[in-house]
Amino acid sequence: MALSTASMRAALFSGVALAGFVATPVTAQTADSAPDQNVLDAESASSSPEAEQAGNNNEIVVTARRREERLQDVPIAITAYSGEQLQQSGAIDIIDIAQTTPSVTLEASRGTNSTLTAFIRGVGQQDPVAGFEAGVGIYLDDVYLNRPQAAVLEIYDVERIEILRGPQGTLYGRNTIGGAIKYVTRRLGDTPRLNLRATYGTYNQADLVGSFAMPLGDSGFAIGGGGAVLSRSGFGTNLTTGQENYNKQIRAVRGTIEYDRGPLFVRLSGDYTDDNSNARGGHRLIPGLVSGIQPIDNVYDTRGALNDPKQDVEAYGGSLFAELEATDWLTLRSITGWRKDDSGTPIDFDALPAVDVDVPAFYNNKQFSEEAQALFDFGRLNALLGFYYLDASARTVFDVRLPGGVTALTFGDVNTETYAVFADATYDITDQLSISVGGRYTWDERDSTINRAVYLGGGSPFFGGTGTRFLQQTDFEGVRDFKRFTPRASISFQPNRDNLFYASYSNGFKGGGFDPRGVGTAAPDTNGDGVRSYEEIYNFFTFEPETVDAYEIGYKGSLFDQRLNVAVAAFRSDYNDVQIPGSVGATVNGQQTFIGITTNAGRARIQGVEFEGNAVIARNFAGPTSRFSLAATAGYLDAKYLQFIDARGIDVADNRAFQNTPEWTASGTASLSLPIGAGYVDASATASYRSKTQQFELRNPLLDQPGFTLFDANIVWHAPGDQFTLGLHGRNLFDKRYIVSGYNFLRQNPDTGQFILANGQPGYSSTLGNEGIATAYYGNPRQVFLTAGIKF
């Protein structure tokens, strides 16, 4: 239900940021993601024609298996975006890379600017309240982010971004069931540098970012840092408060100290982000059921009056990374991380001036993690042994203010402590044939404190209201433990250096817990004694772990003197006890309210095929740095519930679909590089397509987004030596309006999704509030902007 706006864009923020994949002059993108790895440490190739002419045959060196290998040689499905690519594409934020990554959905959660909703191959988590683990792991410089708040990152001085599809856990960090997204910042190095970048564009977009690195003589020490001021006017207006809607106002800083001498490398870094952007107001899709107020023509305008608490997001943290090459066969690593974010946000569900369903909310998250790794290199045998610890707390507090001065205050405080040991080993049987096996054992403990009270006559005192407590609906504490062994195995065959075939199996696991929006007085009285026991409430609040068995076969080819690179993967996932969090309007003791209900859909099957490729069509046709290339991606997903028991005890699997999981994702990019004097110009155009997407498992004719295509274009001039760049970028050039998320509290037929009245006849009727809630949030409209960068 409630969504947060936290902003941990921290530590990475690039003014011009990041857009859909563009086929830059050097292919630094695809491999295909494997469900059995969860980190790619790549030394990405440069994207300039000069770099290509310098050689290395466009090869990208990665250490996905903790040793240096060509990306082409790694039996893992990975999509990697280098920092150069991201700057060349002139993107807006991390969400845009989903346009050109097969089977991936990334979007800002409902009512927020910076909470990330991420799905990979149908697996993810839409509800970011405390108590629910993410289905997709987000990593910031090797540190796992336990909460999705603040994960819509702006990027500066980024080395690369990697997306891995499928279960992760035997090589790195936290176990994640759907995949991983990894942000890697640039090491300082031993050369002084200063980078500045400015952006100006439509909606008064004005960004300024800078970064520097300075080695301290020959001591092995270096210091570095950066900062960003990112601002943009709103795409629309709140017609009630006068505030801009969908605006941006972010400040961020980062500092780093590194020591790099001989066998020892140490990096200490810290970051801080302050996001004062307004909370996003939604667009009503239906007239008010009581007031008759009509929807607004501009989908980026809103009428919601709630503005307390004022949105203010602070996110900060630090990490300490140490690596020691103890011998020529043993490397030791330690990764320590600490993070905290606090945010207040008002979410006006009904998007109308009246208090109908208004939700002021606070989100507070903090975490500490420690990871230790030992890496072994015995020639044909390479292995890793690791230990991971996480201690995290997440608190979600919100009012639900209803007509007539009735308020339900929900307080959920969830603590998670997890330990894990993991190992992975690869043995080269011959120069062409390799096998790899790994395993992880995870211990999770989750304790929850949940309180729910009803206030009359105004909001709760927690949010400064004057209401009087009328009823305590929940006062609950619970503890759960989860233990799981998750194995993986793969085999790869490389007949020559340009062709690789592989097959893999991996098992993924995500722990259960307690729904923090549960209402104790709504728990079923199973023994009929008229009193809801702790055991009955415990069982009502509980949801179980989910698991997946993922199978994949893949091929990677680098053909025609590396002018054509392709990666193809076919996969199947058997998904069990799928967690489906949600909330519904209900009447308890004669009082309208809402209830959090999380179910475990019995079984599901996800299968599909993914393709990524790029081809150099012509080079040196108009000079030594000229180049014309094409790139394409495609993903087909057949995701189907095999068993889904609803609250009536009926199997409705045939009438449910995976949320945020389009059947088709595809993109195509044409890229041209031409010499201009001593410099050169890069130009590119990208079309990206997503087929129909459902917002929830039950179809919703108002919120479900039909298939659509977006068009982007970029032209960037590079001065000699790439010291100065000037770019013109266009996003969503045909100004397509498309829904990315929404709220729904309208009564629907549970089998057909048709909207119905209370008596079952067709029509709109509300399950929460008087006016009815069908509220949508939209992707960004057309944006055109100029960028200028300079390097010293």
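Read on for an overview of the structure. (Residues numbered from 1 in each chain as written. Predicted model: local features only at pLDDT ≥ 70, side-chain atom pairs only at ≥ 80, totals over all residues. Heavy atoms only, no water.)

1. Examining the sheet that holds strand β40 (residues 739-744)
Thought 1: Taken in spatial order, the 3 strands make up an open sheet running β19-β41-β40, and their pairing is antiparallel. Looking at which strands have only one partner, the edges of the open sheet turn out to be β19 (283-284) and β40.
Thought 2: Sheet topology note: the β40/strand β41 (residues 774-778) ladder contains 5 bridges and is antiparallel. Bridge assignment links I739 to a residue of β41, and that residue is Y778. (Pairing = 2+ DSSP bridges. Helix = DSSP H or I, 4+ residues; strand = E, 2+ residues; numbered from the N terminus.)

2. A few points about helix α3 (residues 534-541)
Thought 1: Along α3, the positions that sit buried rather than exposed are E536, I537 and F541. The buried residues of α3 occupy an angular sector of 125 degrees when projected down its axis, which confines them to one face.
Thought 2: Those residues of α3 hidden inside the fold are in contact with β25 (433-456), β26 (468-496), β28 (513-514) and β29 (542-543). (Buried < 20%, exposed > 50% of the residue type's maximum accessible area, 1.4 Å probe, protein only. Arc of directions from axis to C-beta. Contact = heavy atoms within 4.5 Å.)

3. Quick notes on the packing of aromatic side chains
Thought 1: For the coordinates displayed, the defined rule picks out 41 aromatic pairs.
Thought 2: Ring centres 4.8 Å apart and planes at 55 degrees place the aromatic pair F221 and Y259 in the tilted group. A residue pair is termed long-range when its members are at least 10 positions apart, and F221 in strand β14 (residues 221-232) and Y259 in strand β17 (residues 248-261) qualify at 38 residues.
Thought 3: Exposure remark for F221: the relative accessible area of 39% places this residue in the partly exposed category. (Phe/Tyr/Trp six-rings, centres within 6.5 Å; stacked < 30°, edge-to-face > 60°.)

4. Digging into the side chain of S691
Thought 1: Here S691 shows up in the loop between β37 (679-690) and β38 (708-718).
Thought 2: The buried category is assigned to S691, whose relative accessible area is 7%.
Thought 3: Here W664 takes part through its backbone nitrogen, which lies 2.8 Å from a polar atom of the side chain of S691.
Thought 4: The contacts of S691, once residues within four sequence positions are left out, are P662, E663, W664, Q705 and G707. (Polar contact = N/O pair within 3.5 Å; in protein donor to acceptor, adjacent residues only side chain to side chain.)

5. Quick look at the side chain of D712
Thought 1: The residue D712 is located in strand β38 in this model.
Thought 2: Here the side chain of D712 touches R731 through a polar contact of 3.4 Å, side chain to side chain.
Thought 3: Sequence-distant contacts of D712, that is, excluding residues within four places in its chain, are made with Q99, S684, A685, T686, G730, R731, N732 and L733.

6. Brief notes about the sheet that holds strand β4 (residues 78-82)
Thought 1: Here 5 strands make up an open sheet; going across it, the order is β4-β10-β11-β8-β9 and the pairing mixed. The outermost strands of the open sheet, each flanked by one partner alone, are β4 and β9 (143-145). Strand-to-strand twist of the sheet, defined as the mean angle between neighbouring strand axes without regard to direction, takes the value 20 degrees.
Thought 2: Direction of pairing for strand β8 (residues 136-140) relative to strand β11 (residues 179-185): parallel, over a ladder of 5 bridges. (Axes fitted to C-alpha atoms, helices over the stretch in contact; angles between N-to-C directions.)

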